[in-house]
Amino acid sequence: MVGSSTRSRLVVIAVVVFAVVGTVPVLVAAQSNGQTGGTIVVEEGETVDTLEGIAGSVVVRGTVTNDVSAVGGDVRIEPTGSVGGDLEAAGGSVTIAGPVEGDVNVGAGSLILTENGTVGQDLTAGVGSATIDGTIDGNAEIGAETIRLGESASIAGDLRYDGDLEGNTDAVAGDIVEDSSLGVDVAPTIQPFASWLFTAYALAVNLLLGAALLALFPRFSDGVADRVASGPIRSGLVGLLVSVGIPVLLIALAITVIGLPLSLVGGFAFGLLLWIGTIYGRFAVAAWLLSLVGLGNRWLALIVGLVAGAALGRLPIPFVGGVVNLLVLLLGLGALVRALYGHWRAGRKRGRERRAGSDEPAAE
C-alpha cells in the first residue's frame, strides 16, 4: 500500500511535469489590465500601457500608449486601434490598419499596411510578401519575395529593398535602392525582445523544478548545499571530472553498435543531471552567501540564486556571466554527485546491517 508521503510526492511530480510540458505554448502578456489568453485583444475604448505576447494572436482595437511586441502569432492593428510606441513582431502575419507612431520591425510570413495604416517613423521588414497601401513617414527597408506598392501608398523617406518590387514606385519621395544584402534579415531587431522572453521563460521553469526538488527532497537538497559550502574545491573538481568524463564515456559507447542505445539514454540522463546541477549550484551558492548575513531560508536562497544566475547570463560584459555560471554549475554538479554517492553508500551500509542482523542466531 502506498503511504501518504509517497502519494504526496507523486502528486507533486505529476503537477510539475504537467506544468513544464504545458507551458511550452503558453502566451505571456504584460499589460496594465493583466489580460492574458490564446488571443490578446485590446478592445475599442480600452487603453493599456504596453503589450507583449508569445505564441498567440494580438489584436489592437483600442489604444496601446507605448510598445507592442509579439513573437509566434498574428498581429493586427485595427483601424480603431493605435500604438503610441514601436511595433516589433516575429511570427505569422502582421496587418497594420491603424496608426503606429514609432518604428515597425517585422519578421513574418506577410506584412500588410492598409490604406488607413500609418507608420510614424521607420519600417524594417523581412517577410515573405509585403503590401504597402498606407503611409510611412520615415524610411523603409523591406526584404521580401514580393513587395507591392499600392496607389494610396506613401513613403516619405528612402526605400531600400530586396525582392520583386511592383506597383506605384512614385509613392517613394526619397531614393529607391535595391540592396541584395537585406534578404529577410530582421532578426537583430527582434532578437533582444525574444531573448529576454526566453530568459524569463527559462527562469520560470527553473524555479518550478527547483521548488519541486526542495519540496520533495529537503534534507538531500540541504546536504548538497552543505557540500558546496564546506568543500567548494572538492565539489568543483568532482563536477569538472563528471562534466568531462561522462561525455567521453558516452562517445565511447556510441562507437559500438550495442552501446549506441545506452549512449542515447545516457545523453538524456546527463542533460537532466546538468540541469539539476545548475539549479542546485545556484541554490547552494546563494544559500552560502545568505548565511553570511544571517539568512537561512532555503526558499529565499532558491529564488535569489536562480534570479542572479539569469541576470548574469544577460550581462553586457562578454564571457563574465558565462564563466561565473559555469563555475556555479561545476560546484552544483559536483556536490550533487557527491550527495548521490553518499546516499548510495549509506543505503548499502543499511542493507549490510539488515542482512547481518538476519543472520544472527536467535537467542535461546
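Rules and cut-offs
Residues numbered from 1 in each chain as written. Predicted model: local features only at pLDDT ≥ 70, side-chain atom pairs only at ≥ 80, totals over all residues. Heavy atoms only, no water. Helix = DSSP H or I, 4+ residues; strand = E, 2+ residues; numbered from the N terminus. Buried < 20%, exposed > 50% of the residue type's maximum accessible area, 1.4 Å probe, protein only. Contact = heavy atoms within 4.5 Å. Expected span 1.5 Å × (residues − 1). pLDDT = per-residue confidence, 0-100. Phe/Tyr/Trp six-rings, centres within 6.5 Å; stacked < 30°, edge-to-face > 60°. Core = buried A, V, L, I, M, F, W, Y, C linked by side-chain atoms within 4.5 Å. Salt bridge = Lys/Arg side-chain N within 4 Å of Asp/Glu carboxyl O.

The chain is annotated in an unreviewed UniProt entry as Polymer-forming cytoskeletal protein of Natrinema pallidum.

The topology assignment puts Pro232 in helix 4 (residues 232-255). The class of Pro232 is partly exposed, set by a relative accessible area of 38%. Sequence separation between Pro232 and Ala335 is 103 residues, and the spatial gap between their C-alpha atoms is 8.3 Å. If sequence neighbours within four positions are ignored, Pro232 has contacts with Arg227 and Leu331.

Further remarks concern helix 4. With 24 residues, helix 4 ought to run about 34 Å at 1.5 Å a step, and its terminal C-alpha atoms sit 35 Å apart, in line with that. Listing the buried residues of helix 4 in full gives Ser235, Gly236, Gly239, Val242 and Leu250.

What follows concerns the confidence of the model for the chain. Confidence in the prediction of the chain, expressed as mean pLDDT, is 81, and 80% of residues score 70 or more. Note that pLDDT drops below 50 for residues 184-191; the model gives that stretch 14 contacts with residues more than four away or on any other chain.

Next up on the list: the packing of aromatic side chains. One pass over the structure, following the stated rule, counts 2 aromatic pairs. Summarising the aromatic geometry, the rings of Tyr341 and Trp344 are spaced 5.8 Å apart at their centres and angled 35° between planes, so their arrangement reads as tilted. Placement of both Tyr341 and Trp344 in helix 7 (residues 320-359) is noted, with a separation of 3 residues, approximately one turn of the helix. Of the residues examined, Tyr341 reaches a relative accessible area of 46% and is grouped as partly exposed. Exposure remark for Trp344: the relative accessible area of 46% places this residue in the partly exposed category.

Our next topic: the nonpolar core. Counting residues in each nonpolar core, the largest one holds 40 residues, and the members touching the most others are Leu87, Val94 and Leu111. Not counting residues up to four positions away in its chain, the partners in contact with Val94 are Val75, Leu87, Ala89, Val106, Ala108, Ser110, Leu111 and Ile112. In this structure, Val224, Phe270, Ile279 and Ala284 belong to the second largest nonpolar core, which totals 28 residues.

What follows concerns the environment of Ala202. Topologically, Ala202 is positioned in helix 2 (residues 187-216). Sequence separation of Ala202 and Leu306 is 104 residues, and the distance between their C-alpha atoms is 9.9 Å.

What follows concerns the pattern of salt bridges. In the structure shown here, the tally under the stated rule is 5 salt bridges. Taking the shortest distance from any N to any O, the salt bridge between Glu78 and Arg76 comes out at 3.0 Å. By relative accessible area, Glu78 is classed as buried at 15%.

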